[in-house]
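Spelled out from the first residue to the last, the chains are:
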Amino acid sequence: QSSLVLVHSRPPRRRSFRRLPTSIHQSSYPTMAHVRSLSILLLTLINLGSSTAESHAPSSSSSILVAGSLNADTFLPIARFPSSGENLTLLPNCHPEVDLPGGKGCNQAVACSKLSRHSDSIDAKDISTSFLGQFGNDPIATTLQSTLLANNIDISLCGQSKTFPSGRGYVMLVPQTGEVSAVVSGGSNLFGWGRWGVKNNNNNGREVEEMVVLTDQQIQEMISPHSLLLLQCEIPSHINLRLSHAASKLQIPIILDVGGEDRRMERELLERCDWLVPNESELERLAAFYESNDDESDVNEEIGYGKDMQQHLEQIQSQIGSSLNLQSILKSVHTLQKNGANNVLVTLGSRGSLLIRKHDTETPQSPPLYQPPYHLPPGASVVDETGAGDCYRAGFAVAILEHCGNSFAVRDGVNEENLLQCMKFASAAGALAVTKKGAVPSIPSRREVEELMLLMEKVERAEAIPRGGGSDTSEDNFPFVFGSRINSMKDRLDLLDPSTQMKTPHDFLRRQATIRGLGCVDFNYPQHFDNFWTAEEAKHALDEVNLVAGAVCLRYPSKFARGAMNHPDPALRRSAIEMTKDAAKVARILGCNEVVVWSAYDGYDYPFQVNYQEKWEQIVEAFRECCDAYPDIRWSLEFKPTDENTRFFTVPSTGAAMLLVKEIDRPNMGLTLDVGHMLMAGENPGQSISMVGDKLFGIQLNDGYTRLAAEDGMMFGSVHPSLALEAMYQLRQINFQGHFYFDTFPQRTDPVREAEYNIRRVKEFWRAVEKMDGREIGRVAREHDALGALELVNEALRR
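Within every chain, residues take consecutive numbers counted from 1 along the sequence as written. pLDDT decides what is reported in this predicted model: residues at 70 or higher carry local features, side-chain atom pairs at 80 or more are listed and counted, and totals for whole chains, interfaces and linings draw on all residues regardless. Neither water nor hydrogens contribute to the side-chain values; these are computed over all heavy atoms in the structure.

Colleague: How should the overall build of the protein chain be read in this particular structure?
Modeller: Working definition: helices are DSSP H or I runs of at least four residues, strands are E runs of at least two. Numbering for both runs from the N terminus. A tally of helices and strands in the protein chain yields 27 helices and 25 strands. Counting over 799 residues, the protein chain shows a buried share of 55%. Counting every atom, the protein chain has about 35,100 Å² of accessible surface; 49% of that belongs to carbon and sulfur. Only protein chains enter the accessibility calculation, which uses a 1.4 Å probe. A residue is then buried if its area is under 20% of the maximum for its type, exposed if over 50%, and partly exposed in between. Surface accessibility follows the Shrake-Rupley procedure with a 1.4 Å probe radius. Residue values consider only the protein chains on display as shielding.

Structure follows, in structure tokens:
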């Protein structure tokens, strides 16, 4: 069997092997006819040998065999997807990009090769990649062959049709969002498998070749050197059946990507595949082929999810967002598993991925494993989603084989920690794939994936410090980090030495760094960056004073006076959206993951001045675009009821803001509540905090006298101490996970001392809440006891 590896003609490999005769090595890129002749000769020699397929054992070097499609893709840049019956033209000054290598099989083979390559030097531990597919009879087939060979992929098992052209993909791309939609012409991917027993009844007048069909024994011998088989549904189901039959005989693990043609899968195929990998829409369509009488209400009970698992499931549901129903996903997976499927790995796009493992009746059901969407690298954005799913699946295949070491270990089972690591590696690979145009060109290298994972681990460790519920960050064990309005450092310059400069954000930062107890800084964008310094320079300045960035807050310039993300001029509206997304790039560089959007201009002054529904929908679509472009960023809206710039805001209250968040329907979209704004809206801050719950991403603390249209920006708890106390209580109740930010205006007060007072005051309120009697709070609330409530407050504030 090892001799089979010798004829797998390929460019120079990292793995060492015996050299073939000189005549064979005269060309680094053999012709397909040459390769097929060698393969047939060797298969004949193997058939004469005494070894059998069942004696297969994994070789010292692992290998992935990818069997699937390859296409020449044409990309069509358009402004949006057409509706039914509609004709569209390409974007102005844009042209189609023609004949780019693609197809799920080609993409995944290249991805497996690049993701398993630890370095450019010789490394015997690298996983090798082979591809099995059918090239067409046209010139583009040579390009596709060269692409695979250039990526160090063995193509000796491939065939080439004399009758049918190569597969073609026609991809509609919306460059603004990276979204894609495609139509695929199968060509030789569907009709070039005559030697495998695929009969084509519609040849459109083409002459049918008479071929000798491969036997099961020959197929087993072809795939026996490999450690893992990766399949897709862009080739005939008959091929997947034959390959899975051979792999199961050899105990080679199988990963089946459901993507491609929608079709019912035979039970034997589901049973043979160790990992079934659909996205959420493919999962739903595939499950619909099978009858199921399950109600979502009793799915948990039937598959073994007891009451103790509910909290875990609820947590996953909150992470993936309300637009996807976890119970519906579990029901579809359960339907497939009842019909033979084993482990089901569901990719959820910008919402992450979910693994539901098969269990037997003798062991309790393992909990679903969830991997959140991976962060993009600093400065990157979504360019083209083509091939991202293929990179995820290839990354999972490479990682699962590396963690297990050989095919037998994969089939015996993988522990939970390793599975999560495999999902994380796959997620990082998929995330990087959206940052470049094209399927094959966008595939990242192993080094890029590892660098991204390392970078994000550092970011996560940094984020764990300043967020609520994390490590204690001061000598008094207070669990939150404080930030304060950096522009307040411009106040009371008379307190400084006359020679002290206080004109730039860098100057403000140095003064703010003298505040005892301060831990983070929220920057305004673009206000604190234009013509002052770069984001990299700001990050360096933070490091110098031992502070971190808390968030980046939008402050749109006056050119958006008639509106920012809902400006009546489409060009200015687009400019505002791009500026908003630029703020996310800055946040990544600064090492924070929050962007707070407050627009002084998104609203109106007089009745009939705007179309309310249109302005609302424009804001919804703008936020969706931002959330989808930067899924690693927590986006939040800071509402305000009125302002001297805008008498009526499009989003004037907490209730309206929550409606907006619900309609945007993205897991990374939430709210930042400002105490002064809530008071201006006639709200009780504690009630608003309770209403928002886990969608509260940020809190801005201050106080005010709540006179008409006045935002006083007073010190926290100075005017409404009972409301401040309850606000702290409700923040504890919802398990707030942000930092505390003081949005105050100390024009006639020392801004440094004012911030220090705010920090001490918040800690006092927090500790007062800790000492309150929870049972008495419950009793007062149940009985609506007004006097009891006042006595609770008085007692708490006296301590």
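Structure's up, so let's keep going.
Colleague: Is there a simple way to explain the sheet that holds strand 18 (residues 548–554) in this structure?
Modeller: Whenever strands of a sheet pair, they do so through backbone hydrogen bonds, lying parallel or antiparallel. Pairing between strands is defined by DSSP: at least two bridges between them are needed. In space, the eight strands of this closed barrel follow the order 16-17-18-19-21-23-24-25, with parallel pairing throughout. Averaged over all adjacent pairs, the angle separating strand axes in this sheet is 30°, with direction ignored. In the sheet, strand 18 pairs with strand 19 (residues 594–597) via three bridges, with the strands oriented parallel. The partner of Leu-554 across the bridge, within strand 19, is Val-597. Along the sheet, helix 19 (residues 570–590) makes contact with strand 17 (518–525), strand 18, strand 19 and strand 21 (634–638), crossing strand 18 at roughly 175°. To define axes, lines are fitted to C-alpha atoms, for helices over the stretch in contact only, and angles between the resulting N-to-C directions are given on a 0 to 180 degree scale. We call two residues in contact when some of their heavy atoms are within 4.5 Å.

Colleague: I tried to follow the side chain of Ser-166 on my own but got confused; where do I start?
Modeller: Position of Ser-166 relative to the elements: it lies in the loop between strand 7 (159–160) and strand 8 (167–174). Here a polar contact is recorded for every N or O atom pair within 3.5 Å, except that within protein the pair must consist of a potential hydrogen donor and a potential acceptor, and residues adjacent in sequence are included only if both atoms are side-chain atoms. A polar contact of 3.4 Å, which involves the side chain of Ser-166, links it to the backbone nitrogen of Gly-136. Side-chain polar atoms of Ser-166 contact the side chain of Asp-138, separated by 2.6 Å. For Ser-166, the residues in contact, after removing those within four places along its chain, are Gly-136, Asn-137, Asp-138, Ile-140, Ala-141, Leu-144, Gly-187 and Ser-188.

Colleague: Looking at this structure, how should I read unusual backbone geometry?
Modeller: Leaving glycine aside, a negative phi is the common case for residues, and trans is the common case for peptide bonds. The residue after Tyr-525, namely Pro-526, is reached through a cis peptide bond having omega 5°. For Phe-608, which is not a glycine, the phi torsion comes out positive at approximately 70°. By the element assignment, Phe-608 lies in the loop between strand 20 (603–604) and helix 20 (612–629).

Colleague: How do you make sense of the nonpolar core when you look at a structure like this?
Modeller: A general tendency of soluble globular proteins is for nonpolar side chains to be buried together. Counting residues in hydrophobic clusters, the biggest one holds 96 residues, and the most contacted among them are Trp-635, Met-728 and Phe-740. Working definition of a nonpolar core: buried Ala, Val, Leu, Ile, Met, Phe, Trp, Tyr and Cys residues. They are joined through side-chain atoms within 4.5 Å. With 60 residues, the next largest nonpolar core counts Ile-64, Ile-155, Leu-228 and Val-449 among its residues.

Colleague: Would you mind going over the sheet that holds strand 8 with me for this structure?
Modeller: Taken in spatial order, the four strands line up as 3-2-8-9 in an open sheet, and their pairing is mixed. Edge positions in the open sheet fall to strand 3 (97–102) and strand 9 (179–185), since each of these has one partner strand only. Between one strand axis and the next, the sheet turns through 30° on average, direction left out of account. Sheet topology note: the strand 2 (residues 71–77)/strand 3 ladder contains four bridges and is antiparallel. Bridge pairing in strand 3 links Phe-75 to Glu-97.

Colleague: Looking at this structure, how should I read the packing of aromatic side chains?
Modeller: Note on aromatic pairs: each is described by the distance of the centres and the angle between the planes. Centres within 6.5 Å are what make two rings of Phe, Tyr or Trp a pair, Trp counting through its six-membered ring; a difference in plane orientation under 30 degrees is then read as stacked, over 60 as edge-to-face, and the rest as tilted. On inspection of all chains with the given rule, the structure shows 22 aromatic pairs. Following the ring pairs from residue to residue traces out a cluster consisting of Phe-478, Phe-480, Phe-482, Phe-736, Phe-740, Phe-742 and Trp-766. Ring-over charges, as used throughout, are those where CZ of Arg or NZ of Lys falls within 6 Å of the ring centre and within 35 degrees of the ring normal. In this structure, Arg-634 is placed above the aromatic ring of Phe-697, and the distance from its NZ or CZ to the ring centre is 4.0 Å.

Colleague: Looking at this structure, I do not really get the pairing of strand 4 (residues 128–132). What am I missing?
Modeller: Two faces make up the sheet, and in a regular strand the side chains alternate between them. The element strand 4 is extensively covered by neighbouring structure, given that five of its five residues are classed as buried. Along strand 4, one buried face is formed by Ser-128, Ser-130 and Leu-132 and the opposite face, lined by Thr-129 and Phe-131, is buried too. Alignment of strand 1 (residues 63–67) against strand 4, held across five bridges, turns out to be parallel. What sits directly across from Ser-63, in strand 4, is Ser-128. Where strand 4 meets strand 6 (residues 153–154), two bridges bridge the pair, whose relative direction is parallel. Note that in strand 6 the partner of Thr-129 across the bridge is Ile-153.

Colleague: Mind showing me how you'd approach the packing of helix 18 (residues 535–544) against helix 19 here?
Modeller: The angle between the axes and the distance between the axes are what describe a pair of packed helices. Put simply, helix 18 and helix 19 touch, their axes get as near as 9 Å, and they point 35° apart. Classified by chirality, the crossing of helix 19 by helix 18 is right-handed. From helix 18, Ala-535, Glu-536, Ala-538, Lys-539 and Leu-542 reach across to helix 19, where they touch Val-586, Ile-589 and Leu-590. When its residues are assigned to classes, the contact of helix 18 with helix 19 shows six nonpolar, no polar and two charged. A crossing counts as left-handed when the near helix is turned anticlockwise from the far one by less than a right angle, and as right-handed when that turn is clockwise. Side-chain classes follow a simple rule in which Ala, Val, Leu, Ile, Met, Phe, Trp, Tyr, Cys and Pro form the nonpolar group, Asp, Glu, Lys and Arg form the charged group, and the remainder, Gly included, forms the polar group.

Colleague: Could you clarify how one ought to interpret the packing of helix 20 against helix 21 (residues 654–664) in this entry?
Modeller: Between helix 20 and helix 21, the least distance of the axes is 9 Å, while the angle of their chain directions is 55°. When the interaxial angle is binned, helix 20 and helix 21 end up oblique. For the crossing formed where helix 20 meets helix 21, the hand is right-handed. For the pair helix 20 and helix 21, contact is made by Trp-616, Ile-619, Val-620, Phe-623 and Arg-624 and by Ala-656, Leu-659, Leu-660, Glu-663 and Ile-664, respectively. A breakdown of the residues in the contact of helix 20 with helix 21 according to their chemical character gives eight nonpolar, no polar and two charged. Each angle is binned into one of four classes, with values under 35 degrees roughly parallel, values over 145 roughly antiparallel, values of 65 to 115 roughly perpendicular, and all other values oblique.

Colleague: Mind showing me how you'd approach the environment of Leu-330 here?
Modeller: Tracing the backbone shows Leu-330 in helix 12 (residues 326–338). Expressed as a C-alpha distance, the spacing of Leu-330 and Ile-356, which sit 26 residues apart in the sequence, is 8.0 Å.

Colleague: Quick question: what am I supposed to make of the side chain of Asn-343 here?
Modeller: Within the secondary structure, Asn-343 is located in strand 13 (residues 343–347). Taking relative accessible area as the criterion, Asn-343 reaches 16% and is therefore assigned buried. Separated by 3.3 Å, the side chain of Asn-343 and the backbone nitrogen of Lys-358 make a polar contact.

Colleague: Help me understand the environment of Ile-400 in this model?
Modeller: With respect to the helices and strands, Ile-400 occurs in helix 13 (residues 388–404). By relative accessible area, which is 0% here, Ile-400 ends up buried. Taking the C-alpha atoms as reference, Ile-400 lies 7.4 Å from Leu-419; in sequence the two are 19 residues apart.

Colleague: Mind showing me how you'd approach the environment of Val-675 here?
Modeller: Considering the arrangement of structural elements, one finds Val-675 in helix 22 (residues 675–680). Considering only alpha carbons, one finds Val-675 and Ala-724, 49 residues apart in sequence, at a separation of 8.8 Å.

Colleague: Is there a simple way to think about the state of the cysteines in this case?
Modeller: By definition, a disulfide is the covalent link that joins the sulfur atoms of two cysteine residues. Sulfur atoms of two cysteines make up a disulfide when they are within 2.5 Å. Applying the stated criterion across every chain yields a total of zero disulfides. The structure places no disulfide on Cys-106, whose sulfur is separated from the nearest cysteine sulfur, that of Cys-158, by 9.9 Å. Residue class for Cys-106 comes out buried when judged on its relative accessible area of 0%. Note on Cys-273: no disulfide assigned, nearest cysteine sulfur contributed by Cys-233 at a separation of 8.8 Å. On the accessibility criterion, Cys-273 (1% relative accessible area) is buried.

Colleague: Teacher, can you tell me more about the pattern of salt bridges here?
Modeller: Between side chains of opposite charge, a pair can form when the charged atoms approach closely. In the sections that follow, a salt bridge refers to a side-chain nitrogen of Lys or Arg positioned within 4 Å of a carboxyl oxygen of Asp or Glu. Tallied over the full model, the rule gives 35 salt bridges. Ionic pairing is found between Glu-450 and Arg-446, a salt bridge with its closest N-O pair at 2.8 Å. One end of the pair is Glu-450 and the other is Arg-446, both in helix 16 (residues 446–464) and four residues apart, which spans about a single turn. Its relative accessible area of 6% is what places Arg-446 among the buried residues. For Lys-615, the salt bridge is made with Glu-614, and the minimal N-O distance between the two is 3.8 Å. You can call Glu-614 partly exposed: its relative accessible area is 38%.

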